[in-house]
Amino acid sequence: MAFYNVCPKCGAHLDPNEKCDCENVSEKEKKEREHLLMVEKGTNQLAFRWPSERAGV
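Residues numbered from 1 in each chain as written. Predicted model: local features only at pLDDT ≥ 70, side-chain atom pairs only at ≥ 80, totals over all residues. Heavy atoms only, no water.

Colleague: I keep staring at the overall build of the protein and nothing clicks. Help me out?
Modeller: Counting its secondary structure elements, the protein contains one helix and four strands. Taken from N to C terminus, the helices and strands of the protein fall in the order β-β-α-β-β. By residue count, 5% of the 57 residues in the protein fall in the buried class. Counting only carbon and sulfur atoms, one obtains 53% of the accessible surface of the protein, whose full area is about 5400 Å². (Helix = DSSP H or I, 4+ residues; strand = E, 2+ residues; numbered from the N terminus. Buried < 20%, exposed > 50% of the residue type's maximum accessible area, 1.4 Å probe, protein only. Areas by Shrake-Rupley, 256 points an atom, 1.4 Å probe, with all protein chains shown as cover.)

Colleague: Can you help me understand the confidence of the model for the protein in this one?
Modeller: In low-pLDDT segments, the atomic positions of the prediction should not be examined closely. Looking at the protein, the pLDDT average stands at 83 and 89% of residues meet or exceed 70. Of all the helices and strands in the protein, helix α1 (residues 22-36) carries the lowest mean pLDDT, 81, while strand β2 (residues 13-14) carries the highest, 94. (pLDDT = per-residue confidence, 0-100.)

Colleague: In this structure, what is going on with the packing of aromatic side chains? I would like to understand it.
Modeller: Think of a pair of aromatic rings as described by two things: how far the centres are apart, and how the planes are tilted against each other in angle. The tally for this structure, following the rule as stated, stands at one aromatic pair. Ring geometry for F48 against W50: centres 5.5 Å apart, planes inclined by 35 degrees, an arrangement best described as tilted. (Phe/Tyr/Trp six-rings, centres within 6.5 Å; stacked < 30°, edge-to-face > 60°.)

Colleague: I'm lost on unusual backbone geometry in this one. Help?
Modeller: Glycine aside, the phi torsion of most residues is negative, and most peptide linkages are trans. A positive phi angle, close to 65 degrees, is found at N17, a residue other than glycine. Inspection of the secondary structure assignment puts N17 in the loop between β2 and α1. Of the residues examined, N17 reaches a relative accessible area of 77% and is grouped as exposed. Even without being a glycine, N44 presents a positive backbone phi close to 55 degrees. When you line up the elements, N44 lands in the loop between β3 (37-39) and β4 (46-48). With a relative accessible area of 62%, N44 lands in the exposed category.

Colleague: Even after reading the chapter, I still don't get a nonpolar patch on the surface, so can you show me in this structure?
Modeller: The grouping of L36, L37, V39, L46, F48 and W50 at the surface amounts to a nonpolar patch, some 630 Å² of accessible area in total. Mapped onto the fold, L46 is located in strand β4. L46 gets classed as exposed once you look at its relative accessible area, which sits at 62%. (Patch = residues over 30% accessible without salt bridge, like charges linked within 9 Å, V, L, I, M, F, W, Y side chains within 5 Å. Salt bridge = Lys/Arg side-chain N within 4 Å of Asp/Glu carboxyl O.)

Colleague: Where do I start with the state of the cysteines in this structure?
Modeller: Joining two cysteines, a disulfide is a covalent bond between their sulfur atoms. In total, this model carries zero disulfides according to the counting rule given. Of all cysteine sulfurs, the one in C20 lies closest to C10, which takes part in no disulfide; the gap is 3.6 Å. Residue class for C10 comes out partly exposed when judged on its relative accessible area of 41%. For the unlinked cysteine C22, the closest cysteine sulfur is that of C20, found at 3.7 Å. (Disulfide = S-S within 2.5 Å.)

Shown next, in the form of structure tokens:
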């Protein structure tokens, strides 16, 4: 018989007393996506930000 908990947000099967990191992962992915997209001036459309256009490159 297996003992585990299920995360109510993502459905992951967790060991007893294990905390799910699904919210942390989604925040990290959101920041990465924001880094890849920019809003064009004048048209307000989303556009890809290529590596050469990123700050610090």
